[in-house]
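The primary structure of each chain is shown beneath.
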Amino acid sequence: MTRLPTYFLNHGGGPWPWMDGPMRDAYGKLEASLAGVMGELPELPRAVLVVSAHWEAPVAQVSSHPAPPMLYDYYNFPEHTYHIRYAASGSPELATRVRDLLRGGGMDCEEDAARGFDHGTFSMMQPVRPQADIPIVQLSVLDHFDPAAHIAMGRLLQPLRNEGVLILGSGLSYHNLRAWGPAGADAAAQFDGWLRESLPGKAQAERDAALQHWAEAPAARAAHPRPEHLLPLMVAAGAGGADACAVHFHQGDFMGSMAVTGFRFG
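Residues numbered from 1 in each chain as written. Predicted model: local features only at pLDDT ≥ 70, side-chain atom pairs only at ≥ 80, totals over all residues. Heavy atoms only, no water.

**A word on the overall build of the chain**
Moving on, step 1. Within the chain one finds 10 helices and 8 strands.
Moving on, step 2. In summary, the chain has a C-alpha radius of gyration of 17 Å against a globular reference of 18 Å for 266 residues, a match within 12%.
Moving on, step 3. Relative to its 266 residues, the chain shows a buried fraction of 56%.
Moving on, step 4. In the chain, the share of contacts with a sequence separation of at least 24, taken over all contacts with a separation of at least 6, comes to 79%.
Moving on, step 5. Just so you have it, the chain exposes about 9,900 Å², and 53% of that area is on carbon and sulfur atoms.
Moving on, step 6. Computing the positive centroid from 19 side-chain charges and the negative centroid from 28, the chain places the two 3 Å apart. (Helix = DSSP H or I, 4+ residues; strand = E, 2+ residues; numbered from the N terminus. Rg over C-alpha atoms; globule rule 2.2 N^0.38 Å. Buried < 20%, exposed > 50% of the residue type's maximum accessible area, 1.4 Å probe, protein only. Contact = heavy atoms within 4.5 Å. Areas by Shrake-Rupley, 256 points an atom, 1.4 Å probe, with all protein chains shown as cover. Lys, Arg positive; Asp, Glu negative; His and termini not counted. Charge placed at Lys NZ, Arg CZ, Asp CG, Glu CD.)

**Details of helix 2 (residues 28–35)**
Moving on, step 1. Among the residues of helix 2, Leu-30, Ser-33 and Leu-34 are the ones counted as buried. Down the axis of helix 2, the sector holding all buried residues measures 95°, keeping them to one side.
Moving on, step 2. Where the residues of helix 2 are buried, they touch strand 1 (6–10), helix 3 (37–40), helix 5 (119–128) and strand 7 (245–254). (Arc of directions from axis to C-beta.)

**Overview of the packing of helix 6 (residues 147–156) against helix 10 (residues 231–240)**
Moving on, step 1. In the contact formed by helix 6 and helix 10, the axes pass within 6 Å of each other and the chain directions differ by 40°. Here helix 10 runs oblique to helix 6, going by the angle between their axes. Seen along the crossing, helix 6 lies across helix 10 with a hand that is right-handed. Residues Pro-147, His-150, Ile-151, Met-153, Gly-154 and Arg-155 of helix 6 lie in contact with helix 10, whose contacting residues are Leu-231, Met-234, Val-235, Gly-238 and Ala-239. (Axes fitted to C-alpha atoms, helices over the stretch in contact; angles between N-to-C directions. Parallel < 35°, antiparallel > 145°, perpendicular 65-115°, else oblique. Left-handed = near helix turned anticlockwise from the far one by under 90°.)

**A word on the side chain of Ser-173**
Moving on, step 1. Among the secondary structure elements, Ser-173 is positioned in the loop between strand 6 (165–171) and helix 7 (185–198).
Moving on, step 2. Judged by its relative accessible area of 3%, Ser-173 falls in the buried class.
Moving on, step 3. With near-sequence residues (within four places) excluded, Ser-173 lies in contact with Phe-8, Asn-10, Phe-191, Asp-192, Leu-195, His-224, Ala-259, Val-260 and Thr-261.

**Structural notes on the side chain of Asp-118**
Moving on, step 1. Here Asp-118 shows up in the loop between strand 4 (109–112) and helix 5.
Moving on, step 2. The class for Asp-118 is buried, based on a relative accessible area of 0%.
Moving on, step 3. Those residues in contact with Asp-118, other than ones at most four positions away along the chain, are Ser-52, His-54, Trp-55, Leu-71, Asp-73 and Gln-138.

**As for the pattern of salt bridges**
Moving on, step 1. Evaluation of the coordinates by the stated rule reveals 15 salt bridges.
Moving on, step 2. Two residues, Arg-97 and Glu-163, come together in a salt bridge whose shortest N-O distance is 2.5 Å. Pair noted here: Arg-97 is in helix 4 (residues 92–104) and Glu-163 is in the loop between helix 6 and strand 6, with a separation of 66 residues, a long-range link.
Moving on, step 3. Its salt-bridge partner being Arg-196, residue Asp-192 comes within 2.7 Å of it at the nearest N-O pair. Of this pair, Asp-192 and Arg-196 both sit in helix 7, 4 residues apart, which is roughly one turn of that helix.
Moving on, step 4. Residue classification places Asp-192 among the buried residues on the basis of a relative accessible area of 1%.
Moving on, step 5. Ionic contacts of the salt-bridge type, sharing partners, join the residues Arg-3, Arg-161 and Asp-243 into one network. (Salt bridge = Lys/Arg side-chain N within 4 Å of Asp/Glu carboxyl O.)

**Notes on the packing of helix 2 against helix 5**
Moving on, step 1. Two elements in contact, helix 2 and helix 5, have axes separated by 7 Å at closest approach and are oriented at 70°. On the basis of their axis angle, the class for helix 2 and helix 5 is roughly perpendicular. Across from Glu-31, Leu-34 and Ala-35 in helix 2, the residues of helix 5 making contact are Met-124, Pro-127 and Val-128.

**Thoughts on the nonpolar core**
Moving on, step 1. By size, the foremost hydrophobic cluster in this structure holds 83 residues, and its most contacted members are Leu-139 and Leu-157.
Moving on, step 2. Per element, the largest residue contribution to this core is 7 residues, and it comes from helix 10.
Moving on, step 3. Excluding anything up to four places from it in sequence, Leu-157 contacts Leu-49, Val-98, Leu-101, Leu-102, Leu-139, Ile-167 and Val-235. (Core = buried A, V, L, I, M, F, W, Y, C linked by side-chain atoms within 4.5 Å.)

**Things to note about the environment of Ala-32**
Moving on, step 1. For Ala-32, the position within the fold is in helix 2.
Moving on, step 2. On the basis of relative accessibility, which here comes to 54%, the residue Ala-32 falls in the exposed class.
Moving on, step 3. For the pair formed by Ala-32 and Gly-169, sequence separation is 137 residues and the distance between their alpha carbons is 18 Å.

**Digging into the packing of aromatic side chains**
Moving on, step 1. Applying the stated criterion across every chain, the model contains 12 aromatic pairs.
Moving on, step 2. Judged by centre distance (5.4 Å) and plane angle (75°), the rings of Tyr-74 and Phe-77 are edge-to-face.
Moving on, step 3. Here Phe-77 falls in the partly exposed class, since its relative accessible area comes to 23%.
Moving on, step 4. Pairwise contacts between aromatic rings join Trp-18, Tyr-72, Tyr-74, Phe-77, Tyr-82 and Phe-122 into one cluster. (Phe/Tyr/Trp six-rings, centres within 6.5 Å; stacked < 30°, edge-to-face > 60°.)

From the geometry alone we can't say anything about function, so treat these as descriptive.
Written out as structure tokens, the structure reads:
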């Protein structure tokens, strides 16, 4: 099969694709970008591996449920959003392959046969593939937040790209809910500018070094008090290997005021 690219995508807040009105409208540019992902690929993937910012664990966890349930990991949304369904199947076979690749490279990994889709997966995949006809496996981030470990995780997963598996890092390039909207605009712009200077067009070693030292970037800790929403970028970058990085999506006024960016590797 043709080698697939990897992506870091911004998944947005809560169940936004199932809402109407101002909140849904605020995601218009991001939604259009997500809806275009499959059309950019050389062929339709046989499965998708989502590295979700909404699953943290001390040891890498990979979902192996054949028909994953829904995990409504959000609060104070309309009642109907607690009954939505993204009906893609899981893939126990892919889960085992992920586990074996990580263990084979010296990184522990466990299968979780009960885990359902969290909104880091279903709110992103609804616009990416509304047909929900491609199997999806989720992979956790590590709760010690070590950037090098996440880059190494991605590197171990690189063979999947030649096996018809699309690797998607699902997070947000700005994630500080205590400084959301106009209060976060300056920090978001500073950190976003650093990301767009440090990754696209840079060699693999230079990219990796920048990501490992992300906390030294301008406004880094203001943009990410906890880095769980940035870690999927590091996995995507690791899986991208030496392939070129490019900006896939950029919006300077996300939710009216904040700068966010998504990236493609390969």
